[in-house]
Amino acid sequence: MSQLAPQTAPVPDLELVQVSKMFGDFLAVDTVDLSVAPGEFVAIMGPSGCGKTTLLRILAGLESVTYGQVKIRGRDVSAVPVNRRTTRLVWQNYALFPHLDVAGNIAFGLTLGRHDKAAVAGKVAQMGALVGLDDFMTRPIGQLSGGQKQRVALARALVTEPDILLLDEPLSALDAHLRIRMQAELRRIQQQLGMAFIYVTHNQHEAFSMADRVAVMNRGRIEQLDTPEVLYATPKTEFVARFVGSNNILPGTLAGYDGDVAVVTCAHGPVRVADAQGLAAGTRVVVAIAAEKLRRGLRAGDNTVPAVMRGREFAGSHNVFLMDLADGTEIKVVSHDGAIPDYGAEERLCFAPEDASLIRGAK
Amino acid sequence: MKRNAWIGLGRLWLGLAYAFMFLPLVVLILFSLQANRFPGFPLQGWTLQWYARLFDDGTLIAALGHTMIVSPAAASVATIIAFLAGYALNRFTFPGKTALLGLVTLPIIIPPLILGVGFLGLLARIHLSGTLLAVFLTHVVLITAPALAIIQLRLSQMPKALEEAAWDLGASEWQAVRRVVLPFALPGILGAWLLAFTFSFDEFIIAWFVSGFDQTLPVAIYSVLVAAIDPSLNAIGTIVFAMSCAVLIALEVLLIPYLIRKPDA
């Protein structure tokens, strides 16, 4: 467990116990366990179809669980219908009510039961101010920009003071600049309210820049749940290594250990990787190395990999070289010096054993 | 200029098209105000006698009254049924859904003559034949289908997330329908009502079979027409046309601004 969710913590805001969801024969969510500490920002990241949106809909109560328990603040809500849950969902396409204006949308959740009109108006105005919509309260929804709609959707959910806010790719419809601004703003609002956020995205930058912890999902399972730093530096599965960051993957077979350094036989020769897992010799493994940890040239004590220069992506502050290993494996190398090798040239790439991760291979 | 010639020709064509469409109406209005007993030239002077006769006689006015009871009532009931059915068809998958849809749309496909015969037999058996209630019931059956088509089209444009968002914010099923689905469907509901009303208002064949002495307007007009050529028909036609115009203008003024407001994606 990460230090952000210690065992001694108070009742977690959200706890999933062995949650599974079947659609007919299709296992959309497969035995997911997850615990979210009070006020924690957790991102659920994965490719489309990995079950992340289904998981979020289960939390909202829009889908039932086939098996397992959903607990919110210690209470089992698995059988509680969506309109009785203390979670609120922010939709990818906002799902704003087109016949209401901004204030009407924000007020919706407050006006369903008995309510005091003045108190509702006060809360709506306050929430409008929090998301920066004070001047737009009487605008029809059709006249808002994407970013403004996003804020209305957020305000409409937050004003009901949920225990947990669920966000389903809320920034994916915005342009790049606005997305980055909204990321900062979401994080600010989350901190200010001290509310647990569960944020579903396929975008690594969004997940890493906002979340305290990130869960990487694949085929209905959470493959790894860690802080962005740990996730980036030490992916635990091949899928995570491929999905997160710009890792290069070298498949091989574990030859044995030399102290706390594993020796892996790869296509081009032996590779040394710092590792404490103590896997059995002969295990199929992959070695993951971040693109920026690969260097051109030779250095004592480092692994050396021969590669052939194939192409280049210029990213402004740096170059990304695309190279091929002898067995055809594609390799990406981030380079900050200006020198560009000739296409087709033989290069030597090196990396330190402690910069790579050893991962037990997928079957 | 050659270009101008083409434009002129185009305008002439447009004028002819309009004339083709509106000439019968012009003739109707013109001869409702002319002393001629038969619609023909030369004109024999302006008069309101046909209108006076229309009101003195009272048959056609009474029929108009019947129609103005039956058609709005039938349109309202049909629209309510159509909304409920449309909502169910749009939201749920259930066994027999296709069959139900086919069943509801069946009255559109069956020739009204056949339906009329069928209704006559059925209604005679339950002693409803020849009443306004019979016309009302048969019209509900007939006009639910087109109303459903329009409402379902509108509902199918509603993102599923909209209703889910209402639930998520704490709304019960009923509250979500009342506060989100109904407002969204409103343009469709109004359109459906209007179309259903028009269908019922115009409907002749079935009404002729089942209406008996409480005739609706189209049936009454036919009866008058069979007996003799009576310029009162022009007068009642003009009155109905004027009413239609008034309703349409009112609708456009009230409804169009609402309809053209773009639905939010």
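All figures in this text were calculated on a predicted structure; none of them were measured in a lab.

## With respect to the overall build of chain B
In step 1: Along its length, chain B carries 11 helices and 0 strands.
In step 2: In chain B, the succession of helices and strands from N to C terminus is α-α-α-α-α-α-α-α-α-α-α.
In step 3: Each of the three principal axes of chain B carries a C-alpha extent, and together these read 70 × 70 × 30 Å.
In step 4: The buried share among the 265 residues of chain B stands at 36%.

## As for the sheet that holds strand S11 (residues 247-258) of chain A
All names here are of chain A.
In step 1: Read from one edge of the open sheet, 5 strands run S13-S12-S11-S14-S20, paired in antiparallel fashion. Of all the strands in the sheet, just strand S13 (269-274) and strand S20 (356-360) have a single pairing partner and so form its edges. If you compare each strand with its neighbour and ignore which way they point, the axes differ by 45° on average.
In step 2: In terms of strand pairing, S11 meets strand S14 (residues 284-290) through 7 bridges, oriented antiparallel. Bridge pairing in S14 links proline 251 to valine 286.

## Considering the nonpolar core
In step 1: Judged by nonpolar contacts, the single largest core of 59 residues is most densely connected at Leu14, Leu16, Val70 and Ile198 of chain A.
In step 2: Among the elements that take part in this core, helix H8 (residues 173-202) of chain B stands out by supplying 8 residues, more than any other.
In step 3: In this structure, leucine 16 of chain A is in contact with Val32, Asp33, Leu34, Leu55, Leu59, Gln69 and Val70 of chain A, ignoring residues within four places of it in sequence.
In step 4: If you look at the next biggest cluster of nonpolar residues, it comprises 47 residues, including Tyr94, Ala155, Ala157 and Leu186 of chain A.

## Regarding unusual backbone geometry
Residues and elements named next belong to chain A.
In step 1: A positive phi angle, close to 50°, is found at alanine 95, a residue other than glycine.
In step 2: By relative accessible area, which is 9% here, alanine 95 ends up buried.
In step 3: The backbone of glutamate 169 sits at a positive phi, close to 45°, despite the residue not being glycine.
In step 4: Along the chain, the position of glutamate 169 falls in the loop between strand S7 (164-168) and helix H5 (176-193).

## A short note on the interface of chain A and chain B
In step 1: Each side of the interface is counted separately: chain A has 24 residues, and chain B has 19 residues.
In step 2: Across the chain A/chain B interface, buried area totals approximately 2000 Å², and carbon plus sulfur atoms make up 59% of it.
In step 3: Counting every contact that joins chain A to chain B gives 1 salt bridge.
In step 4: The salt bridge partner of glutamate 164 of chain B is arginine 57 of chain A, with a shortest N-O separation of 2.7 Å.

## So, the domain arrangement of chain B
Residue and element names in this part refer to chain B.
In step 1: By domain assignment, chain B separates into domain 1 (1-47) and domain 2 (57-259).
In step 2: The centre of domain 1, based on its C-alpha atoms, is set 33 Å off from the matching centre of domain 2.
In step 3: In this assembly, 8 residues from domain 1 lie in contact with 8 residues from domain 2.
In step 4: Together domain 1 and domain 2 conceal approximately 740 Å² of surface at their shared face, both sides included; 70% is due to carbon and sulfur atoms.
In step 5: Our enumeration of links across domain 1 and domain 2 arrives at 0 salt bridges.
In step 6: Where domain 1 packs against domain 2, one counts 1 residue pair in polar contact (both at pLDDT 80 or more).
In step 7: Here the residues of the side of domain 1 that touches domain 2 are counted per class, giving 5 nonpolar, 2 polar and 1 charged.

## Quick notes on the domain arrangement of chain A
In step 1: Split by domain assignment, chain A resolves into domain 1 (14-231) and domain 2 (247-360).
In step 2: Between the C-alpha centres of domain 1 of chain A and domain 2 of chain A there is a distance of 39 Å.

## Description of a nonpolar patch on the surface
All names here are of chain B.
In step 1: There is a patch of nonpolar side chains on the surface, built from Leu14, Tyr18, Phe20, Met21, Phe22, Leu23, Val26 and Val27 and spanning about 850 Å² of accessible area.
In step 2: When you line up the elements, valine 27 lands in helix H1 (residues 2-32).
In step 3: Assessed through its relative accessible area of 37%, valine 27 is described here as partly exposed.

## Overview of the environment of leucine 100 of chain B
All names here are of chain B.
In step 1: Mapped onto the elements of the fold, leucine 100 is located in helix H4 (residues 97-109).
In step 2: Residues leucine 100 and leucine 89, spaced 11 residues apart in sequence, show a C-alpha to C-alpha distance of 9.0 Å.
In step 3: When near neighbours in sequence (up to four residues on either side) are disregarded, leucine 100 contacts Leu89 and Phe94.

What counts and how
Residues numbered from 1 in each chain as written. Chains lettered and ligands numbered in written order. Predicted model: local features only at pLDDT ≥ 70, side-chain atom pairs only at ≥ 80, totals over all residues. Heavy atoms only, no water. Helix = DSSP H or I, 4+ residues; strand = E, 2+ residues; numbered from the N terminus. Buried < 20%, exposed > 50% of the residue type's maximum accessible area, 1.4 Å probe, protein only. Pairing = 2+ DSSP bridges. Axes fitted to C-alpha atoms, helices over the stretch in contact; angles between N-to-C directions. Core = buried A, V, L, I, M, F, W, Y, C linked by side-chain atoms within 4.5 Å. Contact = heavy atoms within 4.5 Å. Buried area = accessible area lost by both parts, 1.4 Å probe. Salt bridge = Lys/Arg side-chain N within 4 Å of Asp/Glu carboxyl O. Domains from an automatic or database assignment. Polar contact = N/O pair within 3.5 Å; in protein donor to acceptor, adjacent residues only side chain to side chain. Nonpolar A, V, L, I, M, F, W, Y, C, P; charged D, E, K, R; others polar. Patch = residues over 30% accessible without salt bridge, like charges linked within 9 Å, V, L, I, M, F, W, Y side chains within 5 Å. Areas by Shrake-Rupley, 256 points an atom, 1.4 Å probe, with all protein chains shown as cover.

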